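Reading the structure
Each chain, letter by letter, is given below.
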Amino acid sequence: MKSRHLLHPKLVERLAFGGLWAAAVVVIAPVFGIIAYMFYRGLDALNPEMFQIGTKGLVPAIVGTTALVLLTALIAAPVGVAAAIYLSEYAGRGPLVRAIRLALVNLAGVPSVVYGLFGLALFVMLFQLGRCLLAGACTLALLVLPLVISTSEEALRQIPKGLREGSLALGASKWQTIRYVVLPNAMPGIITGLILSIARAAGETAPILFTVAYYALSDPIPKSIYDPIVALPYQLFVMATEMPEI
């Protein structure tokens, strides 16, 4: 006997969607509030001098940060995706592979200042690159590699096994299956992981403080990967600490 107190399925669906929309508003509304407050308090401080090429302008910092992020992505993306392909498609399930996965999880939680000191010792001092764009990009690449590998491997493992078996049954090799079947289907997850990783690298201050960033340079626009840069996170940090107490 059916209970008369059960809600209609459409009503339950509407209530569920209403709850989801309410939760979304609760999460997103404070973000827009913070952005509006920042514009309200900071709009009067905007002036053309902030966008000039000089020691006090933001253009060199924006250019330097963009170059640093792009070079970091060029280093971290191929290495991270290749490592994820190996762990997901070729490596077995032995103790060594489990130890590598455990090490990746632990490395993802290491503070960024430790990576900065490691980059200073390895790239700046041992390899004698000096504080330059290449040293900073290599340090940030090491910082984001655990996250890139973990997210890319998870995206690859989400592809149904039947797609691999169907491709192999049609005569494709293992690499052809990975290249033409697995990677295209896993690409959205891989790109999402790369975006999150590069976003973290773009906001870091400690690693670039030790390896690449200067606050004031005679030539603030880098001409090569062996030049230092003016980085936006470090410049904002210096400008904030120079402000008098209110």
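Scroll up to find the structure.
So, here's what we can say about the structure. (Residues numbered from 1 in each chain as written. Predicted model: local features only at pLDDT ≥ 70, side-chain atom pairs only at ≥ 80, totals over all residues. Heavy atoms only, no water.)

**Looking at the environment of Tyr180**
For clarity, the threshold we go by: Secondary structure counts use DSSP, requiring at least four H or I residues in a row for a helix and at least two E residues in a row for a strand, with both numbered from the N terminus. Relative accessibility thresholds used throughout: buried, under 20% of the residue-type maximum; exposed, over 50%; partly exposed, between the two (1.4 Å probe, protein chains only).
Tracing the sequence through the fold places Tyr180 in helix H7 (residues 174-202). For Tyr180, a relative accessible area of 55% translates into the label exposed. For the pair Tyr180 and Ser167, spaced 13 residues apart in the sequence, the C-alpha separation amounts to 9.2 Å.

**Here's the deal with the state of the cysteines**
Short version of the rule: Two cysteine sulfurs form what is called a disulfide whenever their separation falls within 2.5 Å.
Inspection of every chain in the model, using the stated rule, returns zero disulfides. Free cysteine: Cys132, not disulfide-bonded; nearest cysteine sulfur from Cys138 at 8.1 Å. Cys138 gets classed as buried once you look at its relative accessible area, which sits at 17%.

**Some thoughts on helix H4 (residues 112-126)**
Along an α-helix, residues three or four positions apart point the same way, because every turn accommodates 3.6 residues. This is how it is decided: To estimate the expected span of a helix, count its residues, drop one, and scale the result by 1.5 Å. Two axes are fitted around each residue, one to the seven residues ending there and one to the seven starting there, and the angle between them is reported as the bend at that residue. Residues count as neighbours in contact if any of their non-hydrogen atoms are within 4.5 Å of one another.
With 15 residues, H4 extends 20 Å from end C-alpha to end C-alpha; this agrees with the ideal 21 Å at 1.5 Å per step. Within H4, the axis deviates most sharply at Gly119, by approximately 30°. Residues of H4 that are buried: Ser112, Tyr115, Gly116, Gly119, Leu122, Phe123 and Val124. Contact partners of the buried residues in H4: helix H3 (95-108), helix H5 (133-157) and helix H8 (206-211). A positive backbone phi angle near 55° is found at Gln128, which sits one or two residues after H4.

**Concerning the packing of helix H2 (residues 59-90) against H7**
The criterion, for reference: A fitted line through C-alpha atoms serves as each axis, taken over the contacting stretch for helices, and the angle formed by two N-to-C directions is quoted from 0 to 180°. Orientation categories follow fixed angle ranges, with anything under 35 degrees roughly parallel, anything over 145 roughly antiparallel, 65 to 115 roughly perpendicular, and all other angles oblique. Crossing handedness: left-handed means the near helix sits turned counterclockwise from the far one by under a right angle, and right-handed means the same turn made clockwise. Under the grouping applied here, Gly and all other residues not named as nonpolar or charged are polar, the nonpolar ones being Ala, Val, Leu, Ile, Met, Phe, Trp, Tyr, Cys and Pro and the charged ones Asp, Glu, Lys and Arg.
Orientation of H2 relative to H7, taken along the N-to-C sense of each, is 140°, at an axis distance of 9 Å. Taken together, H2 and H7 sit at an angle that is classed as oblique. In terms of crossing hand, the pair formed by H2 and H7 is right-handed. Packed against H2, whose contacting residues are Thr65, Val69, Thr72, Ala73, Ala77, Val81, Ile85, Glu89 and Tyr90, the element H7 presents Lys174, Trp175, Ile178, Val182, Leu183, Ile190, Leu194, Ile198, Ala201 and Ala202 at the interface. Class assignment for the residues of the contact of H2 with H7 results in 15 nonpolar, two polar and two charged.

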